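Here's the letter readout for the chains.
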Amino acid sequence: ALLFITVYTADGFLNYVEDHCVFNSTKLDDIEFIRSYYYNKLEVTRFSSSVGKYVGYTEYGVRNAEYWNNLPGELSRMRNEKERYCLINVGNDHEAAL
């Protein structure tokens, strides 16, 4: 799995975003793109290309998910991340492993 983390801190609280790709092969259908939003080590919101939308896990996360799921173009942009971000990197990792 590929992993990319962005960390933000303010007033001692930790907020970060993690992108990763889960895959069983280099075929696009076998790849899942996941973007998780964390606040103080608790996952609050997630986008999964398998689900195709944002899902919230806390009250704050549910509000974020509802907002992002209703933004014009946001879901399309996130669904395209599987091909843009994962497909190329999964191919590179697969070749390096061989």
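Residues numbered from 1 in each chain as written. Predicted model: local features only at pLDDT ≥ 70, side-chain atom pairs only at ≥ 80, totals over all residues. Heavy atoms only, no water.

With an unreviewed UniProt entry as reference, the protein is termed MHC class II antigen, source organism Scophthalmus maximus.

Student: It is not clear to me how helix α1 (residues 59-69) should be interpreted in this structure. Could you clarify?
Tutor: Residues spaced three or four apart along an α-helix point in a common direction, a consequence of the helix completing one turn every 3.6 residues. By the burial criterion, the buried members of α1 are Gly-61, Asn-64, Ala-65 and Trp-68. Projected down its long axis, α1 shows its buried positions confined to an angular sector of 100°, all on one face. Exposed residues lying more than 90 degrees from the buried face of α1 are Glu-59 and Tyr-67. (Buried < 20%, exposed > 50% of the residue type's maximum accessible area, 1.4 Å probe, protein only. Helix = DSSP H or I, 4+ residues; strand = E, 2+ residues; numbered from the N terminus. Arc of directions from axis to C-beta.)

Student: Could you clarify how one ought to interpret the confidence of the model for the protein in this entry?
Tutor: Caution applies to low-pLDDT parts of the model: their predicted coordinates are not meant to be read in detail. Residues of the protein with pLDDT of at least 70 account for 80%, and the chain-wide mean is 85. Across the protein, the secondary-structure element scoring lowest on mean pLDDT is strand β1 (residues 2-10), at 55, and the one scoring highest is strand β5 (residues 53-56), at 98. (pLDDT = per-residue confidence, 0-100.)

Student: What is the right way to look at unusual backbone geometry in this model?
Tutor: Most peptide bonds take the trans configuration, and most residues that are not glycine carry a negative phi. The phi angle at Asn-40 is positive, at roughly 50°, despite the residue not being glycine. Counting through the fold element by element, Asn-40 comes out in the loop between β3 (31-39) and β4 (42-48). One non-glycine residue with positive phi stands out, namely Lys-41, at about 70°. Within the secondary structure, Lys-41 is located in the loop between β3 and β4. Judged by relative accessible area, Lys-41 falls into the exposed class, the value being 70%.

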